[in-house]
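# Descriptive structure summary
One-letter residues, chain by chain:
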Amino acid sequence: MITSGSRINLLGMSQAKLMQFFQELGEKSFRAQQVMKWIHHEGVQSFEEMTNLSKALRARLNECAEVREPEVAFEKISKDGTRKWLVRVDNGSCVETVFIPQGKRGTLCISSQVGCALDCSFCSTGKQGFSANLSAAEIVGQVRMAIRSLKETEPDRERAVSNVVFMGMGEPLLNFDNVVDAVSLIMDDLGYGISKRRVTLSTAGVVPAIYELAKVSDVSLAVSLHAPTDELRNELVPINRKYPIAQLIEACQHYLDGLGEHRAITIEYTLIDGINDQPEHARQLAELLKGLECKINLIPFNPFPGSDYKKVSDANLEQFQQILYKRDCRIMVRTTRGEDIDAACGQLVGQVNDRTGRSARHQRRLEAKKVQVMPLANDGFSSSSKGKHIQ
Ligand code: SAH
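Residues numbered from 1 in each chain as written. Predicted model: local features only at pLDDT ≥ 70, side-chain atom pairs only at ≥ 80, totals over all residues. Heavy atoms only, no water.

We now examine the overall build of the protein. When you go through the protein residue by residue, the secondary structure sums to twelve helices and 15 strands. The burial tally for the protein puts 57% of its 391 residues in the buried class. Entry remark: accessible area of the protein is about 16,700 Å², with carbon and sulfur atoms responsible for 48%. (Helix = DSSP H or I, 4+ residues; strand = E, 2+ residues; numbered from the N terminus. Buried < 20%, exposed > 50% of the residue type's maximum accessible area, 1.4 Å probe, protein only. Areas by Shrake-Rupley, 256 points an atom, 1.4 Å probe, with all protein chains shown as cover.)

Set out below in structure tokens:
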């Protein structure tokens, strides 16, 4: 691996940016395509291996550039095949990346920020506070690292990573430019060539950024709704106070209109016992989503230390589904994967050097409640999912 602090990291450069980089070096822009194939298809570790570049150009690249992935602090493999990597990024913090195999499909769940500034009341990442945005190289580096690591351990698997979801740590739309570059590389044939239908960006609802995204990308969109009314959503997803549900749904419709083909928004709804899992919530949800082309992803809440919420009961989950089902909603229920390695949905911890003070407050709350927390290195959670179609 080529490493140096001051050199420019080519790993996170979109095709357009890499072409510009080579033009500025006085090279033909097609060098960008050659180098992208080496970086993303061949996964090479050094410019030396890029044998269709002249020796002089390789030497020059060595001086001013690098291809540097974030380092893996540890990897865990679940009995069900789910894998979790704790990935160390430049500021010394760690984020998590999770791979969930399902038959021929393999979904990689990646992080876009260290921690999260949004503080949704049921999300453990939010309790860690916010530390930093990941660079495009740190985001794409998670994909490259996972593909390489899977190839090493399962060489016969044809396309290990078939889907990528931005459902790890962070709010992707609050790290807009880096996430857009990473998305474009993940979908680019010279990058990872994963189709727009198989790359999903999940947002808590940063409405203006959804309009911005519509201008520059056609990546699939998932929206963390979690409540059918503003009153309840204000409590669960505080950014709702700034961008209420009506504005969010309008933005979703606008995003879909821009796609101009048969596509749907994914609506994520984490079911919490006694909070948002009642029949009237299901009825209100179906009413709210009428007319929006969408599929609803029901996620049973995953408890974490210090949280007062409880997981939805099986009976309430069943009832909730039935109400939606009768109203012709498309539903998927996410089942928990990788529980034995703490890779369950939305409980992502990583190692955040918090800048908000929220992590310290959460810690004090845990101490007051005498909650024992495992050392972080064994306690990383991440968003992992398995969609079970019931319709
Ligand atoms: N910031 C983005 C991505 C975050 S995580 C977003 O909000 O969409 C991906 C999904 O997991 C989100 O829908 C999030 O609300 C959900 N989630 C967070 N904590 C959870 C928990 N403890 N149990 C179940 N789902 C959770």
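Now that the structure is up, let's keep going.
For any pair of aromatic rings, geometry is given as the distance between the ring centres together with the angle between the planes. Inspection of the entire model under this criterion finds four aromatic pairs. An angle of 40° between the planes, with centres 5.2 Å apart, marks the rings of Tyr269 and Phe320 as tilted. Of this pair, Tyr269 sits in strand β12 (residues 265-271) while Phe320 sits in helix α11 (residues 314-326), and the two are 51 residues apart along the sequence. We classify Tyr269 as buried; its relative accessible area is 0%. (Phe/Tyr/Trp six-rings, centres within 6.5 Å; stacked < 30°, edge-to-face > 60°.)

Moving on, we come to unusual backbone geometry. Unusually for a residue other than glycine, Asp119 sits at a positive phi of about 55°. Residue placement: Asp119 occurs in the loop between β7 (113-115) and α4 (124-127). Taking the relative accessible area as the measure of exposure, Asp119 reaches 25% and is therefore partly exposed. If you check the backbone angles, His226 has positive phi at about 65° while not being a glycine. Inspection of the secondary structure puts His226 in the loop between β11 (220-224) and α8 (230-236).

This paragraph deals with the side chain of Arg83. With respect to the secondary-structure elements, Arg83 resides in strand β4 (residues 83-88). Polar side-chain contacts of Arg83 include one of 3.0 Å to the side chain of Glu75. Polar contacts involving the side chain of Arg83 include one to the side chain of Thr153, which spans 3.3 Å. The residues contacting Arg83, other than those within four sequence positions of it, are Glu75, Lys76, Ile77, Thr97, Val98, Phe99, Leu150, Thr153, Glu154 and Ile341. (Polar contact = N/O pair within 3.5 Å; in protein donor to acceptor, adjacent residues only side chain to side chain. Contact = heavy atoms within 4.5 Å.)

The next subject is helix α2 (residues 30-41). The first and last C-alpha atoms of α2 sit 16 Å apart over twelve residues, in line with the 16 Å expected at 1.5 Å per residue. Residues Arg31, Ala32, Gln34, Val35, Met36, Trp38, Ile39 and His40 constitute the buried set of α2. Looking at the buried side of α2, the elements it contacts are α1 (15-24), α3 (55-64), α5 (136-153) and α6 (176-187). Positive phi appears at Gly43, one or two residues downstream of α2, with a value of about 60°. (Expected span 1.5 Å × (residues − 1).)

Looking at the element boundaries, Ser202 is found in strand β10 (residues 199-203). In sequence terms Ser202 and Phe166 are 36 residues apart; their C-alpha atoms lie 5.7 Å from each other. Once residues lying within four places of it in the same chain are set aside, the contact partners of Ser202 are Phe166, Met167, Glu171, Pro172, Ala222, Ser224 and Glu268. A distance of 2.6 Å separates a polar atom in the side chain of Ser202 from a polar atom in the side chain of Glu268.

This part is about the pairing of strand β3 (residues 71-77). By the bridge criterion, six bridges tie β3 to β4 in an arrangement that is antiparallel. Looking at β4, one finds that Ile77 is bridged to Arg83. Between the antiparallel neighbours β3 and β4 lie five residues, among them Gly81 with a positive phi of about 95°. (Pairing = 2+ DSSP bridges.)

Let's shift gears to the pairing of strand β9 (residues 163-166). Burial along β9 is two-sided: Asn163 and Val165 and Val164 and Phe166, pointing in opposite directions, are all buried. As paired elements, strand β6 (residues 105-109) and β9 share three bridges and run parallel to each other. By the bridge assignment, Cys109 is partnered in β9 with Val165. Sheet topology places β9 next to β10; three bridges connect them, and they run parallel. Bridge pairing in β10 links Val165 to Thr200. Handedness of the crossover joining β9 and β10 through α6 is recorded here as right-handed. (Right-handed = clockwise from strand over helix to strand, strands pointing away.)

With respect to the helices, strands and loops of the structure, Arg159 is situated in the loop between α5 and β9. Note: C-alpha distance between Arg159 and Arg105 (54 residues apart in sequence) is 8.2 Å. Excluding residues that lie within four positions of it along the chain, Arg159 makes contacts with Lys104, Tyr192, Gly193 and Ile194.

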